[in-house]
Amino acid sequence: MKKNSEMLELMDIVGKYGIYLVILIEDSEGVTQRDLGKRIDIRKSDTRISTELSALEKHELILRKKEPKEGKKKRNANYIYITDKGRDVYHFFKRISFP
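Residues numbered from 1 in each chain as written. Predicted model: local features only at pLDDT ≥ 70, side-chain atom pairs only at ≥ 80, totals over all residues. Heavy atoms only, no water.

## Quick look at the overall build of the protein chain
Consideration 1: Helix and strand counts for the protein chain come out as four helices and three strands.
Consideration 2: Listing each helix as α and each strand as β along the protein chain from the N terminus yields α-β-α-α-β-β-α.
Consideration 3: Counting every position in the protein chain, which comprises 99 residues, the buried fraction comes to 34%.
Consideration 4: A fraction of 56% describes how many contacts in the protein chain between residues 6 or more apart in sequence connect residues 24 or more apart. (Helix = DSSP H or I, 4+ residues; strand = E, 2+ residues; numbered from the N terminus. Buried < 20%, exposed > 50% of the residue type's maximum accessible area, 1.4 Å probe, protein only. Contact = heavy atoms within 4.5 Å.)

Written as structure tokens, this is what we have:
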């Protein structure tokens, strides 16, 4: 696991909202971007979640994969997975938040 100072520096970069998203994604691995937006009450037209997820992906905390969606609408969906680095961040912040 990374040093505490590195984790705190990463929080400065991605912000509290980004850390919150990492925690939600870890708790629901493989969630679609749309379902994640619904879970945190963000409308489809709101670009904030996409912007935040791009920042998390840039820092290798998450991975987005386009996969075919099941059901009537055969559109591709962005599925979000946490990386090992993201999992380290998750455990670090969980540890300091809930000692």
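## Considering the side chain of Glu 26
Consideration 1: Along the chain, Glu 26 falls in helix α1 (residues 4–27).
Consideration 2: Within polar-contact distance, the side chain of Glu 26 engages the side chain of Arg 87 at 3.3 Å.
Consideration 3: Apart from the residues within four sequence positions on either side, Glu 26 is in contact with Ile 82, Arg 87 and Tyr 90. (Polar contact = N/O pair within 3.5 Å; in protein donor to acceptor, adjacent residues only side chain to side chain.)

## Comments concerning the nonpolar core
Consideration 1: Core analysis: the largest hydrophobic core is formed by 23 residues, its most contacted members being Leu 36, Leu 53, Leu 56 and Val 89.
Consideration 2: Broken down by secondary-structure element, the contributors of at least two residues to this core are α1, α3 (48–58), β3 (76–82) and α4 (84–97).
Consideration 3: Counting residues per element, this core draws most heavily on α1, at eight residues.
Consideration 4: In this view, Val 89 contacts Met 7, Leu 10, Ile 19, Val 22 and Leu 61; residues no more than four positions away in its chain are not counted. (Core = buried A, V, L, I, M, F, W, Y, C linked by side-chain atoms within 4.5 Å.)

## Here we look at the packing of α1 against α4
Consideration 1: Direction vectors running N to C along α1 and α4 enclose 95 degrees, while the axes themselves pass 9 Å from each other. In terms of axis orientation, α1 runs roughly perpendicular to α4. Together, Asn 4, Met 7, Leu 8, Leu 10, Met 11, Ile 19, Val 22, Ile 23, Glu 26 and Asp 27 of α1 and Lys 85, Gly 86, Arg 87, Asp 88, Val 89, Tyr 90, Phe 92, Phe 93 and Arg 95 of α4 make up the contact between the two elements. (Axes fitted to C-alpha atoms, helices over the stretch in contact; angles between N-to-C directions. Parallel < 35°, antiparallel > 145°, perpendicular 65-115°, else oblique.)

## Section: the packing of aromatic side chains
Consideration 1: Within this structure, the stated rule accounts for one aromatic pair.
Consideration 2: Aromatic side chains Phe 92 and Phe 93 sit 4.9 Å apart centroid to centroid with 90 degrees between the ring planes, which places their arrangement in the edge-to-face category. Neither Phe 92 nor Phe 93 differs from the other in exposure class; each is buried.
Consideration 3: Across the ring face of Tyr 81, the terminal group of Lys 65 is positioned such that the distance to the ring centre comes to 5.3 Å. (Phe/Tyr/Trp six-rings, centres within 6.5 Å; stacked < 30°, edge-to-face > 60°. Lys NZ or Arg CZ within 6 Å of the ring centre and 35° of its normal.)

## Quick word on the pattern of salt bridges
Here the idea is simple: oppositely charged side chains can pair when their charged atoms come close.
Consideration 1: Overall, the coordinates contain four salt bridges when judged by the stated rule.
Consideration 2: Here Glu 29 ties to Arg 87 by a salt bridge, and the two come within 3.5 Å at their closest N and O atoms. Pair noted here: Glu 29 is in the loop between α1 and β1 (31–32) and Arg 87 is in helix α4, with a separation of 58 residues, a long-range link.
Consideration 3: On the accessibility criterion, Glu 29 (38% relative accessible area) is partly exposed.
Consideration 4: Between Glu 57 and Arg 64 there is a salt bridge; the shortest N-O distance is 3.1 Å.
Consideration 5: Among the residues examined, Glu 57 registers a relative accessible area of 29% and is labelled partly exposed.
Consideration 6: Owing to a relative accessible area of 18%, Arg 64 belongs among the buried residues under this scheme.
Consideration 7: Bridged by salt links that share partners, the residues Glu 26, Glu 29, Asp 84 and Arg 87 form one connected network. (Salt bridge = Lys/Arg side-chain N within 4 Å of Asp/Glu carboxyl O.)

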